[in-house]
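Okay, here's what each chain looks like letter by letter:
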Amino acid sequence: MSPSNAAGNVLEQRDRPRLRLFGQICGALLLAGAFLFRGALEKTMLGHMVAQLPMIFLGGLLLFGRAARNSAVLASYDRHGLTGLTALLLISSYWMIPRALEFSLTMPAYEAAKFASWALLGAVLPGSIARANIVIQLFFLGNYCAMTAIGGMLYQDVPEQLCNAYLKDDQALTGAFLIIVAVAAAVGWCIYRFPALNAPTPPAPVRD
């Protein structure tokens, strides 16, 4: 190993704890922001579902994701990532129900359950994805994307107001964003699993 490579490895090892600490600080700030500004975020269904819930999820991921991924105890209960990926479907589908969102606005127990479930999901999901093979990932991704897209279409097409706390126009706008989330999740997974899809196209050979 050349001296320059050795020096680079030493610097990288020194920077890793700082990067982890920075990520944990960002995670704590996201969770704190989701709680402290919950009044503004929960004022609209769009802010509630598309802003606050992802903030809690990312906060849990950044703050606890590394520890959860390296936990042998969690790994023993999450063979092939099935437990965490099943939790993804259950938690996301439950909090997609307008009535559940409405309860979280008025009942502290539901609000606490919402924060705990999404933060926990953010903590365990990266490890579950790492443990799952491509077939299991594709199965759960297909179910998640289909559920989210269908839920978004129902939000748009149902003539009734599904939630007393939110207007029907807000409901339709949230439905459109849920469809975007489903498409973005599918595209992001394809880029993650197949880096060649994101690789630049090599230039065509030029004839003399």
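So, how was this worked out
Residues numbered from 1 in each chain as written. Predicted model: local features only at pLDDT ≥ 70, side-chain atom pairs only at ≥ 80, totals over all residues. Heavy atoms only, no water. Core = buried A, V, L, I, M, F, W, Y, C linked by side-chain atoms within 4.5 Å. Buried < 20%, exposed > 50% of the residue type's maximum accessible area, 1.4 Å probe, protein only. Helix = DSSP H or I, 4+ residues; strand = E, 2+ residues; numbered from the N terminus. Contact = heavy atoms within 4.5 Å. Axes fitted to C-alpha atoms, helices over the stretch in contact; angles between N-to-C directions. Left-handed = near helix turned anticlockwise from the far one by under 90°. Patch = residues over 30% accessible without salt bridge, like charges linked within 9 Å, V, L, I, M, F, W, Y side chains within 5 Å. Areas by Shrake-Rupley, 256 points an atom, 1.4 Å probe, with all protein chains shown as cover. Salt bridge = Lys/Arg side-chain N within 4 Å of Asp/Glu carboxyl O. Phe/Tyr/Trp six-rings, centres within 6.5 Å; stacked < 30°, edge-to-face > 60°. Lys NZ or Arg CZ within 6 Å of the ring centre and 35° of its normal. Expected span 1.5 Å × (residues − 1). Parallel < 35°, antiparallel > 145°, perpendicular 65-115°, else oblique.

Trainee: I'd like a description of the nonpolar core, backed by residues and values.
Mentor: Counting residues in each nonpolar core, the largest one holds 33 residues, and the members touching the most others are Met45, Met49, Ile56, Trp95, Trp118 and Leu121. Where this core is concerned, the elements lending two or more residues are helix H1 (3-36), helix H3 (45-69), helix H5 (82-94), helix H6 (98-106), helix H7 (108-131), helix H8 (134-157) and helix H9 (168-193). Per-element accounting of this core gives the leading share, 7 residues, to H8. Beyond its immediate chain neighbours, meaning those up to four positions away, Ile56 contacts Leu31, Ala34, Phe115, Trp118 and Ala119.

Trainee: A description of the packing of H6 against H7 should follow, citing residues and the corresponding values.
Mentor: Interaxial distance between H6 and H7 falls to 5 Å at its minimum, and their mutual angle equals 115 degrees. For the crossing formed where H6 meets H7, the hand is left-handed. Residue-level contacts link Ala100, Phe103, Ser104 and Thr106 of H6 to Pro108, Tyr110, Glu111 and Lys114 of H7.

Trainee: Please set out the environment of Gly151 residue by residue, giving values where relevant.
Mentor: The topology assignment puts Gly151 in helix H8. Between the C-alpha atom of Gly151 and that of Thr174, which follows or precedes it by 23 residues, the distance is 9.9 Å.

Trainee: Quick rundown of a nonpolar patch on the surface? Include the residues and the values.
Mentor: Nonpolar side chains collect at one region of the surface, where Leu21, Ile25 and Leu29 lie side by side and expose about 300 Å² of accessible area between them. Position of Ile25 among the secondary structure elements: in helix H1. The partly exposed category is assigned to Ile25, whose relative accessible area is 42%.

Trainee: Before we move on, could you go through the packing of aromatic side chains and cite the residues and values that matter?
Mentor: Scanning all chains against the criterion turns up 5 aromatic pairs. Geometrically, the ring pair formed by Phe35 and Phe115 is edge-to-face, given 6.0 Å between the ring centres and 80 degrees between the ring planes. Of this pair, Phe35 sits in helix H1 while Phe115 sits in helix H7, and the two are 80 residues apart along the sequence. For Arg38, the ring lying beneath its charged end belongs to Phe35, and the centroid distance is 4.1 Å.

Trainee: Give me the lowdown on H9, citing residues and values where you can.
Mentor: With 26 residues, H9 extends 38 Å from end C-alpha to end C-alpha; this agrees with the ideal 38 Å at 1.5 Å per step. All of the buried residues along H9 are Asp170, Gln171, Thr174, Gly175, Leu178, Ala182 and Trp189. Those residues of H9 that are buried lie in contact with H3 and H8.

Trainee: Before we move on, can you summarise the environment of Leu61 with the specific residues and values?
Mentor: As for its position among the elements, Leu61 is in helix H3. When the C-alpha positions of Leu61 and Val124 are compared, they lie 7.6 Å apart, and in sequence the two are 63 residues distant. Excluding residues within four positions of it along the chain, Leu61 makes contact with Arg66, Gly122, Ala123 and Pro126.

Trainee: Now, about unusual backbone geometry: what can you tell me, with residues and values included?
Mentor: Positive phi, normally seen in glycine, also occurs at His80, with a value near 60 degrees. By secondary structure assignment, the location of His80 is in the loop between helix H4 (72-76) and H5.

Trainee: I'd love a proper account of the packing of H3 against H9, names of residues and values included.
Mentor: Where H3 contacts H9, the axes come no closer than 8 Å and their chain directions differ by 25 degrees. In terms of axis orientation, H3 runs roughly parallel to H9. Of H9, the residues touching H3 (which contributes Met45, Leu46, Met49 and Val50) are Asp170, Gln171, Leu173, Thr174, Phe177 and Leu178.

Trainee: Which residues make up the pattern of salt bridges, and what values do they have?
Mentor: On inspection of all chains with the given rule, the structure shows 4 salt bridges. Here Glu42 ties to Lys114 by a salt bridge, and the two come within 2.8 Å at their closest N and O atoms. In this pair, Glu42 sits in the loop between helix H2 (38-41) and H3 while Lys114 sits in helix H7, placing the two residues 72 residues apart along the sequence. Comparing Glu42 with Lys114 shows no difference in burial state: the two are buried. The residue Lys114 makes a salt bridge to Glu111 at a minimum N-O spacing of 3.2 Å. Taken as a pair, Lys114 and Glu111 lie in helix H7 at a separation of 3 residues, close to a single helical turn. Take Lys114: its relative accessible area is 0%, and that puts it in the buried class.

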